Structures are given as structure tokens and as C-alpha cells.
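Structural description and commentary
Given next are the chains, with one letter for each unit.
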Amino acid sequence: MQLRKWVHCDSPSSWVALLVSMLLIGARTVQASIDLDLKSKASGMLKYYTGYRPGDVPGNLPDPYYWWEAGAMFNAMVEYWYYTGDAQWNEITTQALLHQAGPGADFMPANQTRTLGNDDQAFWGLAAMSAAEVKFPDPPKDEPQWLALAQAVFNKQYPRWDNTTCGGGLKWQIFTFNNGYNYKNTVSNGCFFNLASRLAVYTGNRTYAEWAEKTWDWVYNTGLISKDYHFYDGTDDKGNCTELNHDQWTYNTGLFLLGAAHMYHFTDKSEIWKTRLEKIIKGLDVFFLRNVMSERACEPIGSCNVDQRSFKAYLSRWMSHTIQIAPFTYDLLMPKLRASAEAAALQCNGPDNACGLRWYRNDSFDGSTGVGEQMAALDIIQGHLVDYVDKRVTTKTGGTSKGNPNAGTGISDEETAGIKERPISTGDQVGAGILTAIIVVCTVYGVYFMVA
């Protein structure tokens, strides 16, 4: 039963009261002290966003936030609408997603070329994928559609599969002039795996599933998935991927968690993917202390950068989604979701109900604020409503988003991003001729001078 059929978000007190009642009855262990006012979490996150203002750029977050995190934030807003039915921010969400799709409708806007990695592009594509799955209101017919946008990202990325080193894999960066071009990281490949598996389920097209299988095999065989199903950060292709960066981040595991759940679903509950999914969930323990989520590589020592402070949002988001697509995981994942949500709520008592970062402290606000902290709290708490919303859809189960299997094709990455070689003009040729003549004259004069 879908929650939005029960409550109206224009009456917050009744909405929160009903949520408390439903969660206490359904979850039983959820404490009344948890702040379930998701609207305040969403508004606290969006206060950092200025793209809706006249003269500003829709979809962009101001410094110090990178472009990809804005895509992740609007994915959270798509999910917020799905869980609550509150449509007050739908317009700015649609505006942001369509504007940042760029002229090629593939999330490669020219103004982001210097920071445009495969993972950056994919986070916007995953937002479009979520919009299709939850039936977020479709864009106007003359605009790119959610499914087609997700397909465009896939179609842009699979030709970048690099067999010249390491037996395959996606590089972190798209363009050679960006730092990190030689790094094949887990998040870029994880995003691609996640997107491909979800497209397979949504469309029923086996080609997407084959790419998901290929990506899983490469990541596993490269050693970026350990025998304990811990997901490492990445590897340098200049050394043929023989040395690994062993840093572990919540969002890498989350990407493969949800992707594996979709492959389990697509393969009609195959034992192979069930086993992999169970092992991933077991491997999640490294990020939980008494079932409370923590970004283990940076939180305990207070070194999380702006990006890393948002990572728990994505694992939270994808854990809830996993429960839907692979219901056998409910008893494995829900205790972690409940304990983490309760702990996160206790960190949401800063100025203007701002949410902190270190949930495991189980005490007052830790003083850390930002888009990432708010988004993580929003995602972990709204994920509890997974039992009370309609299932996500596919083309066969009520999906309305229009696709385009050829979206994003027929144009190179450089052209899409506005990087074009300027044709040589007559003026260029004349200028080159004059320069050559000057050099020849100078050379002859120099030889004559030395001989004389």
C-alpha cells in the first residue's frame, strides 16, 4: 500500500504522527525519539542549492560541491517524492535533471568537461533511472525522457570499455587531459554495473545484463572484490592493475549490492546471484558498529572530505531499494537500516535541525554540516518507508517513461562535450606560410653571418 494514498503532506503534524504510528507497529524497534520529519531534512539539504534562482545555473551546487553530488542530491529528491508524495520540489528537480542533461541529452554538459569522469556522468544517469523506476512525473514530450537519459549514459559508457590494459574495465576519467585518466576505479565500474543491471530489469533487454555480468567479472578478477566481499577503491592501469588501493567506501559496496539484487531478479532468482548478494551483505559489516553505519575510512579520524561526507546516503538509498527487488534480504538489511536511522535522527539537532555526520556517537550534534550530511540522514530515514510504498516499476509493470535504445549514440565524447578541433582556414595557411618564410630567412642570414 502506498503511503501517499494515506496522507497529505500539507498537514505535517498528521503526516509525522501517522509515520510514527506505522513504524512503531511495523518495525516495533524504532524509537519514538527518531525525527521523522523528512520535509525538514529535504529543506535542510536544499538550502545549499541556488540553481533555481534567476541568473544561476539549474542543477549546479555552489563550491565546494562537485557536479556529481548535485546529481546524487536530485536523485534523493526523486526518492523523497516517491516515499512521501510531497511534490513541492518536483519542478526544480525536473529542471535540474533536464538542464544538466546537456545538448546531447546524455549528461555531458560542456561546462563540466574538466571534472567529467565516468562516475560523475553515471550519478546523473542513475538519478534518471530512479525517476523512471518510481514513475516520477514524466518531462514534457518535447524534452528528453527519464529512461532515454539513462540509456544514453549507458550507450556513452560501454564503448569506453578499455581492453588495452588490465583485460578491460572503465577508466575513472573520460578525457586524457584530466587527472586520474590512468586509474580504473571501482566506483566508475560499479556505477556502470548498477545502471546496466537496472536497465536490464526495467526493459527486459538481455544486452544490459550481459554488460553487467562482464563488469562484475572484471572487477572480481582484478581483485577489487576481496574474498570477504570487501570492495577496494581502484587500481592504476599503468601497472596493468597489479597493485590495488585498498581504501573501502560505503558507496562502492552499495553500488554492487543493488546491482547484484537486480541481477538476482533478472536471472529469476539464480543461486549464483543470491550467493553473491548474501556475501555482499555480509561484507557490509565492516561499515557498521552495533548496526550503525559509519564511513570507516575517514569518520573515526575526522578526515572525511566533502565528497566522502555524502557516501552513506547512497548505501542507505540502495539498501532500501535492494529490499524491494530482492525481498529475501529484508531480515538481513532492515536491522541495519533501523539502527542507523535512529542514530542519524539523534544527530539531527543542530542549528535549524541540521544533521551531523557521525551517527555512531549516539549523542548530540557533532557540528558537521553540509549537503552530504543532510542527504545521508534523509536517505536513511525515508528508506524505512519501503514497506509502505508501491513497488518500483518496469516497462511490463506500469512504467510510463519512454526509452530510446539508441540514445547518446552517433556523436563522439569530444563533440558531445564541446571539444572540437578547429578546421584549418585560409588565414591559418597564410599565417603558417609567412612564419615558415621568416624562419627560412633567419636561418639563411644566420649561416651567412657565421661564414662571413
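The structure this text deals with has already been given above.
Quick caveat: nothing in here was measured; it's all calculated off a predicted structure. (Residues numbered from 1 in each chain as written. Predicted model: local features only at pLDDT ≥ 70, side-chain atom pairs only at ≥ 80, totals over all residues. Heavy atoms only, no water.)

1. Regarding the pairing of strand β2 (residues 232-236)
Judged by how many residues are buried, β2 sits mostly within the fold: four of five residues are covered. Direction of pairing for strand β1 (residues 183-185) relative to β2: antiparallel, over a ladder of three bridges. Paired with Lys 184 across the two strands is Thr 235, which belongs to β2. Direction of pairing for β2 relative to strand β3 (residues 244-248): antiparallel, over a ladder of three bridges. Each residue of the ladder has a partner; that of Thr 235, found in β3, is Leu 244. (Buried < 20%, exposed > 50% of the residue type's maximum accessible area, 1.4 Å probe, protein only. Helix = DSSP H or I, 4+ residues; strand = E, 2+ residues; numbered from the N terminus. Pairing = 2+ DSSP bridges.)

2. Section: unusual backbone geometry
With an omega dihedral of 10°, the bond running from Asp 63 to Pro 64 counts as a cis peptide bond. Tracing the sequence through the fold places Pro 64 in the loop between α2 (38-46) and α3 (67-84). Even without a glycine there, the phi angle at Asp 268 is positive, about 60°. Counting through the fold element by element, Asp 268 comes out in the loop between α9 (250-266) and α10 (271-283).

3. Concerning the packing of aromatic side chains
Geometrically, a pair of aromatic rings is defined through the distance of the ring centres and the angle of the planes. Tallied over the full model, the rule gives 37 aromatic pairs. Ring centres 6.2 Å apart and planes at 70° place the aromatic pair Trp 172 and Tyr 183 in the edge-to-face group. Placement of Trp 172 in the loop between α6 (146-157) and β1 and of Tyr 183 in strand β1 is noted, with a sequence separation of 11 residues between them. The exposure class assigned to Trp 172 is partly exposed, which follows from its relative accessible area of 30%. Every member of this aromatic cluster is reached through a ring pair, and the members are Trp 68, Phe 123, Trp 249, Tyr 251, Phe 311, Tyr 314 and Trp 318. Taking NZ or CZ as reference, Arg 276 lies 4.5 Å from the ring centre of Trp 273, over its face. (Phe/Tyr/Trp six-rings, centres within 6.5 Å; stacked < 30°, edge-to-face > 60°. Lys NZ or Arg CZ within 6 Å of the ring centre and 35° of its normal.)

4. Section: the nonpolar core
Judged by nonpolar contacts, the single largest core of 127 residues is most densely connected at Met 73, Phe 123, Tyr 314 and Met 375. Ranked by the residues each element gives to this core, the list is headed by α3, at 13 residues. Once you skip the residues sitting within four places of it in the chain, Tyr 314 turns out to touch Trp 68, Glu 69, Ala 72, Phe 123, Tyr 251 and Met 375. (Core = buried A, V, L, I, M, F, W, Y, C linked by side-chain atoms within 4.5 Å. Contact = heavy atoms within 4.5 Å.)

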